[in-house]
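# Fold and contact review
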Amino acid sequence: MLKAGLVGAGHLGKIHLRLLNQSEQYELVGFHDKDAENGRKLEAEFGYRYFEHFDDLLDQIDMLDIVTPTIYHYDYALQAIRKGLHFFIEKPVTQTLQEAEEILRMCHENGIKAQVGHVERYNPAFMATKEYIKDPMFIEIHRLAEFNPRGTDVSVVLDLMIHDLDILLSLVKSKVKSIHASGVCVVSKTPDIANARIEFENGCVANLTTSRISMKAMRKSRFFQKDAYISVDFLEKKAEVIRMKEAPEQPTPFDMIIENSDGEKNQILFEYPNIQANNAILDELNSFADAIVNNKNVEVSLEDGTEALKVALEIMKLISPSSK
């Protein structure tokens, strides 16, 4: 078992602590938090060992889980690298592209494995349907959340849209050609609603809309490709695949057949992928352990996290003048 330590015992950090403690892949050594009162309270309530001094924790672990606010990611990642520790780091990977690229370079130089916490990669609906998604040419994404004061210190692009940017970049095997974006600050000092249109060199176009001031939550992605339409509901954990194939010569009364203006007949097929319930955060942590122990590539690499951050920052740059 890998000896694991965590830094940042806030809302998400507490979830990570519980799952690291439950996991059969890790031995939870303990955690550090800048708020000593919070740290001691968690230690008393759950029995996780609190380390007042961060260096003391680093000396006793094989892997560090960084679940602090983004502003501290860079510093904690550097300390892990200097100690020769593999680390899991929550999204967005860092505040700036320069910081992300420096961490990436240092990990390569020191043989350090790192995984970024883009947890939607482990969403069971996405996992069940990603094999159907091949060369999509138009993608429509909506991620709408009800207002929550937590997280409004950063733009909705880094808070929410970045989840979908990672999914998008993992599926479209082409470079970004152009980006158009707009956004508005409604209830906070950073954009609360944003839209981005991303065009890729292969002709694929993606339209993303993200809001944290909606009346109803929604997390849906729709993928359109040759002879297929795939719908993934990340919130409800549902998926649907609609495919077309050449109609059989003798269709049954139950076959759905359409005929175009050229007289070509196609059959429409509806598929509902088998979705297995899971704990996405536990799965991402366990997959990282597997990558370390068996020297495999991580599922969501620092390169992936850096690319998602790069596009997110470009969107924010485009939004900035219109959101004031």
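Our subject is the structure that appears above.
### Quick look at the sheet that holds strand β4 (residues 86-90)
- Spatial ordering of the open sheet is given by β2-β1-β3-β4-β5, a layout of five strands whose pairing is parallel. Each edge of the open sheet is held by one strand with a lone partner, namely β2 (26-32) and β5 (114-117). Between one strand and the next, the sheet's axes are offset by a mean angle of 20°, whatever the strand orientation.
- Taken together, the four bridges between β4 and β5 define a ladder with parallel strand orientation. Each bridged residue has a counterpart across the sheet, and for E90 the counterpart in β5 is G117.
- Running at roughly 155° to β4, helix α8 (residues 280-293) makes contact with β1 (2-7), β2, β3 (63-66), β4 and β5 of the sheet.

### Considering the environment of G39
- With respect to the helices and strands, the residue G39 is situated in helix α2 (residues 36-46).
- Residues G39 and E146, spaced 107 residues apart in sequence, show a C-alpha to C-alpha distance of 30 Å.
- Excluding residues within four positions of it along the chain, G39 makes contact with F31 and Y50.

### Details of the pattern of salt bridges
- The tally for this structure, following the rule as stated, stands at 14 salt bridges.
- The partner of D290 in a salt bridge is K296, and the shortest N-O contact between them spans 2.5 Å.
- Here K296 falls in the partly exposed class, since its relative accessible area comes to 40%.

### A word on the packing of helix α1 (residues 11-22) against α8
- At their nearest, the axes of α1 and α8 sit 10 Å apart, and the two run at 65° to each other. α1 and α8 meet at a crossing whose hand is right-handed. Facing α1, whose interface residues are L12, I15, H16, L19 and L20, α8 presents I281, L282, E284 and L285.
- Classifying every residue of the contact of α1 with α8 by side-chain character gives seven nonpolar, one polar and one charged.

### Quick look at the nonpolar core
- Within the largest apolar cluster, 67 residues are counted, with the highest numbers of intra-cluster contacts made by L64, F87, I198, L302 and I315.
- Top contributing element to this core by residue count: helix α7 (residues 156-171), with 10 residues.
- Apart from the residues lying within four places of it in its own chain, the contact partners of L302 are F87, I89, V93, I103, L104, C107, A114 and V116.
- By size, the runner-up hydrophobic cluster in this structure holds 24 residues, among which are L20, L28, Y50 and A291.

### Description of a nonpolar patch on the surface
- A cluster of nonpolar side chains, F147, V184, V186, V187 and I193, forms an exposed patch at the surface whose accessible area comes to about 410 Å².
- Its place among the elements puts V187 in the loop between β7 (176-184) and β8 (193-200).

### As for the pairing of strand β11 (residues 228-233)
- Where burial is concerned, most of β11 is hidden: six out of the six residues are buried.
- Judged by which residues are buried, β11 turns out to be covered on both faces: A228, I230 and V232 on one side and Y229, S231 and D233 on the other are all buried.
- Where strand β10 (residues 218-225) and β11 come together, six bridges link them in antiparallel fashion. By the bridge assignment for β11, R222 is matched with S231.
- Where β10 folds back onto β11 in an antiparallel hairpin, the turn is made up of two residues, including D227, whose phi is positive at roughly 65°.
- The sheet contact formed by β11 and strand β12 (residues 238-246) spans six bridges and is antiparallel.

Basis of the calculations
- Residues numbered from 1 in each chain as written.
- Predicted model: local features only at pLDDT ≥ 70, side-chain atom pairs only at ≥ 80, totals over all residues.
- Heavy atoms only, no water.
- Pairing = 2+ DSSP bridges.
- Helix = DSSP H or I, 4+ residues; strand = E, 2+ residues; numbered from the N terminus.
- Axes fitted to C-alpha atoms, helices over the stretch in contact; angles between N-to-C directions.
- Contact = heavy atoms within 4.5 Å.
- Salt bridge = Lys/Arg side-chain N within 4 Å of Asp/Glu carboxyl O.
- Buried < 20%, exposed > 50% of the residue type's maximum accessible area, 1.4 Å probe, protein only.
- Left-handed = near helix turned anticlockwise from the far one by under 90°.
- Nonpolar A, V, L, I, M, F, W, Y, C, P; charged D, E, K, R; others polar.
- Core = buried A, V, L, I, M, F, W, Y, C linked by side-chain atoms within 4.5 Å.
- Patch = residues over 30% accessible without salt bridge, like charges linked within 9 Å, V, L, I, M, F, W, Y side chains within 5 Å.
- Areas by Shrake-Rupley, 256 points an atom, 1.4 Å probe, with all protein chains shown as cover.

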